[in-house]
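Each chain, letter by letter, is given below.
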Amino acid sequence: MQATHQIDAGVLNVGYADLGPADGPVVFLLHGFPYDIQAYVDVTPLLVQAGCRVIVPYLRGFGSTRFKDASTLRSGEQAALGADLLALMDALQIQKAVLAGYDWGGRAACVVAALWPERCQGLVSCNSYNIQNIARALEPAAPEREHLLWYQYYFHNERGRSGLEMNRNALTQLLWQQWSPTWAFTADQFARTAPSFDNPDFVDVVIHSYRHRYGLVAGDPAFAEIEQRLAAQPVIRVPSITFDGADDGVNPALPAATQALYFTGPRDHRIVAGAGHNVPQEVPEVFAQAVLELITLSQRA
């Protein structure tokens, strides 16, 4: 998959793929860290074949997406990711769409779904409610959960920043292996994504993201109002399908009831056997089918 388009949207010039009929129901597919738009290389054709217009952007710090102003804080905070998605929808003059993602991309989708539900036709979110509760970020989890987050604590110090800068491919490939232990991805699959990590803002955005979520660094003042709204842990009212990979090595699968209070609209939670953290690339048919279910639901409404 190639990002053949660039557009100014908010503080970014965003690189994105735009495939399928221009008048079809619109779907945004949003990748996470440390991945890129190749996560949807097999999902996209299935949606296009079903008549969808599919937009797959590089997030800030990845691929061909660039900051327009050198002075803009290279923030990776959740409010920035949500604001970026909203700005891209505005730039493309898309009023409403199905928003589907995982990891950072799932967080962007959840932010827009929660704060601007009128822009979200339906939500597909891996790991369910993906909005961070920063006020409680320093409360320790159980040890068996804590050790999975080693990379986040690594990024909290300058040794971690240097490690990401110097060893970005080896480090991100290790995360792929640990987070999706049953996914036998090939060297070619990783090689198609790895160039996205050469983005000049990649390290700064990643480090800021994993420090901000623990309250260790300040956010971008431009997004302070959004962060304040997210601190209230707003509920998601739009129709939602949520996934957990049964083999997810960073966010272990949870029963639907665990996060049910955050979803006040229709929600179907599914634990996917044989899948880890990167659900769309590991089981593309499952992910695409969820998107199509939400489109069908909206058309019947």
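Below, the structure is looked at part by part. (Residues numbered from 1 in each chain as written. Predicted model: local features only at pLDDT ≥ 70, side-chain atom pairs only at ≥ 80, totals over all residues. Heavy atoms only, no water.)

1. Comments concerning the pairing of strand β8 (residues 240-245)
As a general feature of sheets, a regular strand has side chains that alternate between the two faces.
Right, on to step 1. In terms of burial, β8 is largely enclosed, as six of its six residues are buried.
Right, on to step 2. Bridge count between β8 and strand β9 (residues 267-272): six bridges; the pairing is parallel. Bridged to S240 within β9 is R267. (Buried < 20%, exposed > 50% of the residue type's maximum accessible area, 1.4 Å probe, protein only. Helix = DSSP H or I, 4+ residues; strand = E, 2+ residues; numbered from the N terminus. Pairing = 2+ DSSP bridges.)

2. So, the pattern of salt bridges
Right, on to step 1. Applying the stated criterion to the full structure yields 11 salt bridges.
Right, on to step 2. Among the salt bridges present, the one from R161 reaches E158, with a minimum N-O distance of 3.3 Å. One end of the pair is R161 and the other is E158, both in helix α6 (residues 158-166) and three residues apart, which spans about a single turn.
Right, on to step 3. Between R270 and E293 there is a salt bridge, and its shortest N-O distance comes to 2.7 Å. Note that R270 is positioned in strand β9 and E293 in helix α12 (residues 284-300), a separation of 23 residues in sequence. (Salt bridge = Lys/Arg side-chain N within 4 Å of Asp/Glu carboxyl O.)

3. Considerations on the nonpolar core
Right, on to step 1. In this structure, F28, L29, F33 and F287 are the most contacted members of the largest nonpolar core, which totals 100 residues.
Right, on to step 2. Setting aside residues up to four positions removed in sequence, F28 forms contacts with I55, L85, L88, M89, L92, I94, A97, V98, L99 and A100. (Core = buried A, V, L, I, M, F, W, Y, C linked by side-chain atoms within 4.5 Å. Contact = heavy atoms within 4.5 Å.)

4. A short note on helix α10 (residues 224-231)
Right, on to step 1. Those residues of α10 not exposed but buried are I226, E227 and L230. What you see down the axis of α10 is that its buried residues fit within an arc of 100 degrees, all on one side. Of the residues in α10, the exposed ones pointing more than 90 degrees away from the buried face are E225, Q228 and A231.
Right, on to step 2. Among the structural elements, α2 (78-91), α3 (103-115) and α9 (202-212) are those in contact with the buried residues of α10. (Arc of directions from axis to C-beta.)

5. A few points about the packing of α6 against α9
Right, on to step 1. Between α6 and α9, the shortest axis-to-axis distance is 10 Å and the interhelical angle comes to 145 degrees. Crossing geometry of α6 relative to α9 is assigned as right-handed. The residues of α9 that touch α6, namely those facing E158, R161, L164 and E165, are F202, V203, D204, V206, I207 and R211.
Right, on to step 2. Looking at the contact of α6 with α9 residue by residue, the class counts come to five nonpolar, no polar and five charged. (Axes fitted to C-alpha atoms, helices over the stretch in contact; angles between N-to-C directions. Left-handed = near helix turned anticlockwise from the far one by under 90°. Nonpolar A, V, L, I, M, F, W, Y, C, P; charged D, E, K, R; others polar.)

6. Looking at the packing of α2 against α10
Right, on to step 1. One can describe the packing of α2 onto α10 by two numbers: an axis separation of 9 Å at closest approach and a directional angle of 110 degrees. One way to sum up the angle between α2 and α10 is to call them roughly perpendicular. Our pair here, α2 against α10, has a crossing hand that is right-handed. Counted together, Q78, A79 and A83 of α2 and I226, E227 and L230 of α10 form the full contact between these two elements. (Parallel < 35°, antiparallel > 145°, perpendicular 65-115°, else oblique.)

7. What about the environment of D69?
Right, on to step 1. By the secondary structure assignment, D69 is in the loop between β5 (66-67) and α2.
Right, on to step 2. Here D69 falls in the partly exposed class, since its relative accessible area comes to 39%.
Right, on to step 3. It is 30 Å that separates the C-alpha atoms of D69 and R53, two residues lying 16 residues apart in sequence.
Right, on to step 4. Within the structure, the side chain of D69 is placed 2.8 Å from the side chain of S71, a separation counted as a polar contact. (Polar contact = N/O pair within 3.5 Å; in protein donor to acceptor, adjacent residues only side chain to side chain.)

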